[in-house]
Amino acid sequence: MADMPNRVCIIGAGSSGISAAKTLKERGIPFDCYEAGDRVGGNWVYENRNGMSSAYKSLFINTSKPRMQFSDYPMPDHYPVFPHHTQIAEYFNNYVEHFNVKQHIRFNTTVTSAIPLENGGWEITLHDGSTHRYRALLVANGHHWDPRWPEPPFEGHFDGSVIHSHYYKTPDAYMDKQVLVLGFGNSAMDIAVETSRVSAMTYLAVRRGFHIIPKYILGRPLDQQAIPKFIPWAWQRKLIGPIIRLQVGKLSDFGLPEPDYPILHAHPTVSSEILNRITHGCIKPKPNIQRLDGDGVIFTDGSRERVDCIIYCTGYKVTFPFFRPEHIVAKNNDLPVFRRVFHPRYPDLFFIGLLQPLGAIMPLAELQSKWVSRYLLGKYALPSPEEMMQDIQREREEMRKRYGNSPRHTMQVDVEPYVVGVLKEMERGAKRSQRLPLIKQEAPAAQDASLSPELIPHLAHQNQRHHQN
Ligand SMILES: Cc1cc2nc3c(=O)[nH]c(=O)nc-3n(C[C@H](O)[C@H](O)[C@H](O)COP(=O)(O)OP(=O)(O)OC[C@H]3O[C@@H](n4cnc5c(N)ncnc54)[C@H](O)[C@@H]3O)c2cc1C
Ligand SMILES: NC(=O)c1ccc[n+]([C@@H]2O[C@H](COP(=O)([O-])OP(=O)(O)OC[C@H]3O[C@@H](n4cnc5c(N)ncnc54)[C@H](OP(=O)(O)O)[C@@H]3O)[C@@H](O)[C@H]2O)c1
């Protein structure tokens, strides 16, 4: 360990990686951040040179701006409630410029391999073949860039064009065509609505019912409801169901299957437009594909439609191409990490932004970065690997109970309970910690506000309550 550099590696400069870089910089923790693209922002950089962005030209966020912004850098007042992807990319760029983080990021640099060393630390190989050693590794490579195609593939053959939503950019190619969009997540909603404006017909094939949540509920953005905060989250969830039901109506009246689960027991499908397009006759709901049939598709109800193009909006795989499978692999999208951050087997490996919140990822990536910084500086100690595995198993069981056993729902978190849980764990680990820092601070560090109520402004009441306990 004596020859191990006092330095941390960050893979990725999307919103998660830049939050980590900014936090480490503020705490005087030396690091290198490698970014495959030529700018920060990852998914939010339309046509990103890294080829990994799933943004389409018309993409707007579906988590409202105050919920998506970092705690100490509000989005500009002139931004709308649900900004366009260009504004989100601009915001992330301004963030790194404002906090002088940009010069610490090595752009156009892909990490091709990350190997754990026998006595701790990581050997990182870059695309130019150079190798570098680091004391610890933060992984922020994103989890919405590697397309998950239908598995198993549908039987039969199809003569028309087929793409995954990851590659969808504009509706131009669908003008006057018979289009089939498969899936009931947010990509399927946005893309079906958009193609339906130019296509001869857009079919929307769904294999089960989902609750559709409008962007505005009772006159407020979906994630800024006026439910009193003293009501526990479990009850808030129960209250929101009937409100949405009243506003949206019965989905079977629109030709869609009724969901067979309570609201927020699947990743939210958000759309204020899909039902309108159905009622205008521009989108026709269909059940799942049974088989491909030359110039058309046969559905599970036995109906057949002639189709020119299929767009599979079937989600993403969680992959880490730089890890060897014998070290780290997320089989069926499931990577067992403690509170979505710490790997029980590698005490110097951390994941930032590897979670699917019912809300925005950014403030949680910020919290995770502060948590990891405390760990690196010896101010927080982990529970034993056995305790972490028990915690992971408990979370996994809760998730399966609520969401079912599917690769789509392996890392779900509710924002408020997650934040409160991490803050409590940070306090527990601070009391446990008697260990030496993993990293020596290089520069004088800014005050560590990790446990302050300002951490996530809209959750301040939760943190205050927690601090009073
Ligand atoms: C269409 C779409 C819309 C979405 N809308 C929302 C929304 O409204 N609100 C929300 O909260 N979330 C949304 N998400 C989720 C999205 O994952 C997050 O918004 C956010 O992009 C996560 O940031 P990230 O930094 O973790 O990942 P990414 O944005 O994917 O960034 C990862 C970065 O890592 C870099 N990288 C990866 N591998 C390497 C490597 N080997 N070497 C070097 N660099 C590497 C990439 O180049 C990239 O810049 C959406 C996702 C999609 C697909
Ligand atoms: N405007 C926005 O902000 C926006 C837009 C797009 C995406 N996003 C985000 O990006 C992420 C990915 O969203 P996504 O919609 O691309 O993927 P997703 O949420 O994983 O949804 C995939 C959909 O495809 C279905 N599916 C998967 N395999 C199938 C198969 N073989 N046959 C039939 N149906 C199948 C799934 O059904 P099951 O549930 O039954 O598996 C689900 O309905 C999410 O976090 C989402 O919120 C945001």
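Predicted, not measured: the structure shown is a model, and the values here were computed from it.

*Asks:* For the pairing of strand S2 (residues 31-34), give the residues involved together with the corresponding values.
*Replies:* Pairing of strand S1 (residues 8-11) with S2, which is carried by four bridges, proceeds in the parallel orientation. Bridging from a neighbouring strand, Cys9 pairs with Asp32 of S2. Each parallel crossover has a hand, and for S1 linked through helix H1 (residues 15-26) to S2 it is right-handed. As defined by bridge partners, S2 adjoins strand S3 (residues 105-106) across two bridges and the pair is classed as parallel. Bridge pairing in S3 links Cys33 to Ile105.

*Asks:* Quick one: what's the story with the site of ligand 2, residue by residue and with numbers?
*Replies:* In the region of ligand 2, 27 residues are neighbours, and Asn186, Ser187, Arg207, Arg208 and Gln356 sit closest. Between ligand 2 and the protein, one listed contact pairs an oxygen atom with a backbone N or O atom of Cys313 at 3.1 Å. Contacts to ligand 2 include Arg408, whose side-chain N or O atom sits 2.9 Å from an oxygen atom. Coverage of ligand 2 by the protein amounts to 88% of the 930 Å² it exposes when considered alone. Element by element, the count of residues in the shell around ligand 2 is highest for helix H4 (residues 186-195), at three residues. In the shell around ligand 2, the residues fall into eleven nonpolar, eleven polar and five charged.

*Asks:* Describe in detail the pattern of salt bridges, supporting the description with residues and values.
*Replies:* Under the defined criterion, the tally for this structure stands at 26 salt bridges. Close ionic contact of Asp334 with Arg400 constitutes a salt bridge, the shortest N to O distance being 3.9 Å. Here Asp334, found in the loop between strand S22 (316-317) and strand S23 (349-351), pairs with Arg400, found in helix H8 (residues 385-403); they are 66 residues apart in sequence, far enough to count as distant. What makes Arg400 partly exposed here is its relative accessible area of 39%. Between Glu398 and Arg394 there is a salt bridge, with its nearest N and O atoms 3.2 Å apart. With a gap of four residues between them, Glu398 and Arg394 both fall in helix H8, about one helical turn apart. Counted as one network, the salt bridges with shared partners bring together Arg339, Asp391, Arg394, Glu395 and Glu398.

So, how was this worked out
Residues numbered from 1 in each chain as written. Chains lettered and ligands numbered in written order. Predicted model: local features only at pLDDT ≥ 70, side-chain atom pairs only at ≥ 80, totals over all residues. Heavy atoms only, no water. Pairing = 2+ DSSP bridges. Helix = DSSP H or I, 4+ residues; strand = E, 2+ residues; numbered from the N terminus. Right-handed = clockwise from strand over helix to strand, strands pointing away. Near = heavy atom within 4 Å. Polar contact = N/O pair within 3.5 Å; in protein donor to acceptor, adjacent residues only side chain to side chain. Areas by Shrake-Rupley, 256 points an atom, 1.4 Å probe, with all protein chains shown as cover. Nonpolar A, V, L, I, M, F, W, Y, C, P; charged D, E, K, R; others polar. Salt bridge = Lys/Arg side-chain N within 4 Å of Asp/Glu carboxyl O. Buried < 20%, exposed > 50% of the residue type's maximum accessible area, 1.4 Å probe, protein only.

This is a description of form; function is not addressed.
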